[in-house]
Structures are given as structure tokens and as C-alpha cells.
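Each chain, letter by letter, is given below.
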Amino acid sequence: VDPADAALPPVPECIDVDPALPGEAPASLKSVKDTLFAPSCSFSACHGEAAAAGLDLRAADLHAELLGHAVAGTTMPLVSPGDPDNSWLVQVLSRCQPTDEQGHIGPHMPLNAPFLLDPALVNKVRDWIAAGAPDD
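Because the structure is predicted, anything quoted here is derived from the model rather than measured.

Undergrad: I'd like to hear about the environment of L66, residue by residue, with values.
TA: Note on placement: L66 falls in helix α3 (residues 62-68). What makes L66 buried here is its relative accessible area of 0%. In this structure, L66 is in contact with L29, F37, L55, L57, L78, V79 and W128, ignoring residues within four places of it in sequence.

Given below as C-alpha cells:
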């Protein structure tokens, strides 16, 4: 073992987000964009200008982008208004091994991160979708 590695803190274990935990308020698209997408997802290397997987989280019409985006590798919609458990976005944000309805496992987001985002922010997305994914 390299002595320099011994001084590093251990990498936190990936733990699925408990859907029963409270989501941060307000559960609105603007709030999701400002508190989760902007700081964690939409920088140039991911879902901004580069638009990884064709998803631009800085799109002028973010609502249309989220509800109209076809997800590669699964038949699940990215956002299924009123049904967070059938929304691929919730799967990739809340599960260490996101699994679609056919049992296919995909990467969690943020990609290559050892752990998931803050559960309160992830459940804000869940709450927004559960409320029908309104455009605000």
C-alpha cells in the first residue's frame, strides 16, 4: 500500500436514496433546475453545452426537454408526470444501480461519482414528478 493512499479518507459507499425521506421544498421545476441541475448536472462536460446522451438541462424550454427526451437503452420515459417510480430520471438519481422495468441496469448520476446526490434534492425531483411535473 502506498503511504500516500493511507492518508486519504475512505470513499463513501453508494447508498440508494430512501423515497420516504422528505424532499427539499419547493418541489418545482425552477427549484430543481436551480438547486440540482445547475450545480450538479448542467456544466459543459455533462448535460449543458455537450448535452451528454442528448439531454440539455440548460435548454430554454427545460420542461419540454425533460418530458420529450427519449432515453436510450430503456423504454421508460425520462419523466412520467405523476409517476416518479416509472421515471428514469428518478431511477438514475436515486439508485446506485438504476434498473428499468425490463431489469436492465444503467449508470447512476452523476456519472462516475462514487455516491448519489443529497437525498433531499433527489426527493425534490421525486416530489415534483409525483405532483404531475408541472411547468413553472
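Undergrad: Tell me what's going on with the pattern of salt bridges, and back it up with residues and numbers.
TA: Overall, the coordinates contain four salt bridges when judged by the stated rule. A salt bridge links D34 to K30; the shortest N-O distance between them is 2.6 Å. Of this pair, D34 and K30 are both found in helix α2 (residues 29-40), four residues apart, which corresponds to roughly one turn of the helix.

The rules behind each value
- Residues numbered from 1 in each chain as written.
- Predicted model: local features only at pLDDT ≥ 70, side-chain atom pairs only at ≥ 80, totals over all residues.
- Heavy atoms only, no water.
- Helix = DSSP H or I, 4+ residues; strand = E, 2+ residues; numbered from the N terminus.
- Buried < 20%, exposed > 50% of the residue type's maximum accessible area, 1.4 Å probe, protein only.
- Contact = heavy atoms within 4.5 Å.
- Salt bridge = Lys/Arg side-chain N within 4 Å of Asp/Glu carboxyl O.

These figures come from the coordinates and say nothing about function on their own.
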